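Inside the fold
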Amino acid sequence: MDYFSGIVDLPWWGYGIVVLVLTHISIAAVTIFLHRHQAHRALDLSPGISHFFRLWLWLTTGMITKEWVAIHRKHHAKCEKEGDPHSPHVHSLKKVFWEGAELYRKESKNPETLERYGHLTPEDWIEKNIYSKHSAKGVALMLVINILIFGPIGLTMWAIQMLWIPVMAAGVINGIGHYWGYRNYETPDKSSNILPWGIIIGGEELHNNHHAYPTSAKLSNAWYEFDIGWMYICILETLGLANVKHIPSVLVLNEQKTICDEKTVVALIEHRYYFIHELRHAMDSDSHHRFTLDLLQEIQSVWEDKNAKIEDLAAKLETWCKKVTSLQVASLDAFAQRLRMSVLK
Ligand SMILES: [Zn+2]
Ligand SMILES: [Zn+2]
């Protein structure tokens, strides 16, 4: 008698491809649905697509939307400080990398986190009665489905599926994404872009870009960067299944502008981490002078002053530019000229 080998019989590499596709769908669900749509409201999704992602996450991760969203928003709110659920600078990189899923589980049991950061997540009938109430049953069902379709090897495929999100999302992004890589933006946290091509982790590799523009639906910014999650969002939008609500405005130089005005302030505030990055670079590139941090602190006070009128901020910024120019350092002078010409497209 033949042993049971499932409905589908594939060559060995066929199972590998199936696993890659299945885990990639989970990655897409995490980055598009949980992260960009639910946690940051960067885009809207049609109910059909939303439900598909929720079902898929229930089957392959057992994570509850409200918990994931709340923990993630808390990460942004407390980034790299006491209370950040998974900072490798608060905990160690070793701990976040190897025990990231454990840190996540621990924080998900904190009712204050869910109360304070879990707003506007699904609370419909299916959430209360199935996804949240029986959060572990989805992955059990997935195991049965895998074995029925693929036979005993379905168990191995299932095990890889179960490990994929904890390792890639909790370990790699939360650990490495705040540790190793390059930075385009001088954000107040230690976030980094792990790789310029965001494919394996759906674009989440571009984690420094994300912390610079947290409400953006698109994570790639430089011309050489690629965000596959954004590609999927564009396809969904073309099909009428998604609606992008926010991406960063394009920064352009208006050569006619020789003075800081309100438009400069608007451009500076939207792209503040880019400008600090450029300013630091300009300060570092001049080896003859040693600058104090005053220049950085003074420019930061422009957007930190939430109550000031925009015309006053423009005047303050122009005063700052004049001060910088008076230092007679070529790199800083060029920075001030560029800042004065900067506007949003
Ligand atoms: Zn982060
Ligand atoms: Zn985020």
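Here the structure is a predicted model, which means the values were calculated and not measured. (Residues numbered from 1 in each chain as written. Chains lettered and ligands numbered in written order. Predicted model: local features only at pLDDT ≥ 70, side-chain atom pairs only at ≥ 80, totals over all residues. Heavy atoms only, no water.)

Moving on to the coordination of the zinc ion (ligand 1). Coordination of the zinc ion (ligand 1) by the protein comes from His75 (NE2), His178 (NE2), His207 (NE2) and His211 (NE2), over a distance range of 2.0 to 2.1 Å. What the four donor atoms of the zinc ion (ligand 1) show is an angle range of 95 to 152 degrees at the metal, which sorts the shape as irregular. Considered as a linear motif, the donors of the zinc ion (ligand 1) on their single chain read H-x102-H-x28-H-x3-H. Taken together, the residues His75 in helix 3 (residues 65-77) and His178 in the loop between helix 8 (153-176) and strand 2 (197-198) connect sequence positions 103 residues apart. The pair formed by His75 and His178 is uniform in burial state, with each residue classed as buried. (Donors = N, O, S within 2.8 Å, 3.2 Å for Na, K, Ca; no water. Tetrahedral: all angles 85-135°; square planar, octahedral: opposite > 155°, others 65-115°. Helix = DSSP H or I, 4+ residues; strand = E, 2+ residues; numbered from the N terminus. Buried < 20%, exposed > 50% of the residue type's maximum accessible area, 1.4 Å probe, protein only.)

Those protein atoms acting as donors to the zinc ion (ligand 2) are His35 (NE2), His40 (NE2), His72 (NE2), His76 (NE2) and His210 (NE2), and they sit at 1.9 to 2.2 Å. Expressed as a motif, the donor residue spacing for the zinc ion (ligand 2) is H-x4-H-x31-H-x3-H-x133-H. With His35 in helix 1 (residues 12-39) and His76 in helix 3, this residue pair connects regions lying 41 residues apart in the sequence. Residue His35 is classed as buried on the basis of its relative accessible area, which comes to 2%.

The next point concerns the domain arrangement of the protein. Split by domain assignment, the protein resolves into domain 1 (12-244) and domain 2 (251-344). Every contact between the two is made by nine residues of domain 1 and, on the other side, seven residues of domain 2. Across the domain 1 to domain 2 interface the summed buried area is about 680 Å²; carbon plus sulfur atoms make up 57%. When the area that domain 1 buries against domain 2 is broken down by residue, the three leading residues are Tyr185, Glu186 and Tyr213, summing to 66%. At the boundary of domain 1 with domain 2, the tally comes to one salt bridge. Between Glu186 and Arg280 there is a salt bridge, with its nearest N and O atoms 2.6 Å apart. Counting the contacts that link domain 1 with domain 2 gives three residue pairs in polar contact (both at pLDDT 80 or more). In the side of domain 1 that touches domain 2, the residues fall into four nonpolar, three polar and two charged. (Domains from an automatic or database assignment. Contact = heavy atoms within 4.5 Å. Buried area = accessible area lost by both parts, 1.4 Å probe. Salt bridge = Lys/Arg side-chain N within 4 Å of Asp/Glu carboxyl O. Polar contact = N/O pair within 3.5 Å; in protein donor to acceptor, adjacent residues only side chain to side chain. Nonpolar A, V, L, I, M, F, W, Y, C, P; charged D, E, K, R; others polar.)

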